[in-house]
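Close look at the chain arrangement
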Amino acid sequence: AMQQLGHGLGAADHHEDALSVKEAEMAMLRRLSVPEGEMLNVQCNLAITYASLGRHEQALSLRRDIYSGRLKLNGEEHPVTRT
């Protein structure tokens, strides 16, 4: 539900509100110890929101972390790692 709300806010160009929702979602999922792959997906959505807000340094830093995480989780040749 939180993910859908965040995406909907972003689609309606309410990126600041979407950021708050996505950050709350990430904090909640960390507390719940969800699988790493799911956390990487949430981080990817957060990076997109940072970029939409013009926070390109944060977006780039997060995308690097995501790549490193996917590399460790899936390996170099996995299609998800290469995208």
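Structure: see above.
Here's a quick rundown of the structure. (Residues numbered from 1 in each chain as written. Predicted model: local features only at pLDDT ≥ 70, side-chain atom pairs only at ≥ 80, totals over all residues. Heavy atoms only, no water.)

1. Comments concerning the environment of Arg30
Convention followed: Numbered from the N terminus, helices here are DSSP runs of H or I no shorter than four residues, and strands are runs of E no shorter than two. Any residue under 20% of the maximum accessible area for its type is buried, any over 50% is exposed, and the rest in between are partly exposed; the area is computed with a 1.4 Å probe on protein chains only.
Here Arg30 shows up in helix α2 (residues 15-31). Its relative accessible area of 49% is what places Arg30 among the partly exposed residues.

2. Some thoughts on helix α3 (residues 36-52)
Put simply, the rule is: One less than the residue count of a helix, multiplied by 1.5 Å, gives the span that helix is expected to have.
Taking 1.5 Å per residue as the helical rise, α3 with its 17 residues ought to reach 24 Å, and the 24 Å between its terminal C-alpha atoms agrees with that figure. Gly54 sits one or two positions beyond α3 and adopts a positive phi of about 80°.

3. Points about helix α1 (residues 2-11)
Keep this limit in mind: It is the directions from the helix axis to the C-beta atoms whose arc is reported. Every residue pair with non-hydrogen atoms within 4.5 Å of one another is taken to be in contact.
Regarding α1, the residues found buried are Gly6, Leu9 and Gly10. With its buried residues spanning 100° around the axis, α1 presents them on a single face. The exposed set on the far side of α1, more than 90 degrees from its buried face, consists of Gln4 and Ala11. The inward-facing, buried residues of α1 abut α2. Among the residues trailing α1, Asp13 stands out with phi positive, at a value near 60°.

4. Looking at unusual backbone geometry
A positive phi is found at Asp13, a non-glycine position, where the angle reads about 60°. Along the chain, Asp13 falls in the loop between α1 and α2. With phi around 55°, Ser33 is a residue other than glycine that occupies positive phi space. With respect to the helices, strands and loops of the structure, Ser33 is situated in the loop between α2 and α3. Among the residues examined, Ser33 registers a relative accessible area of 60% and is labelled exposed.

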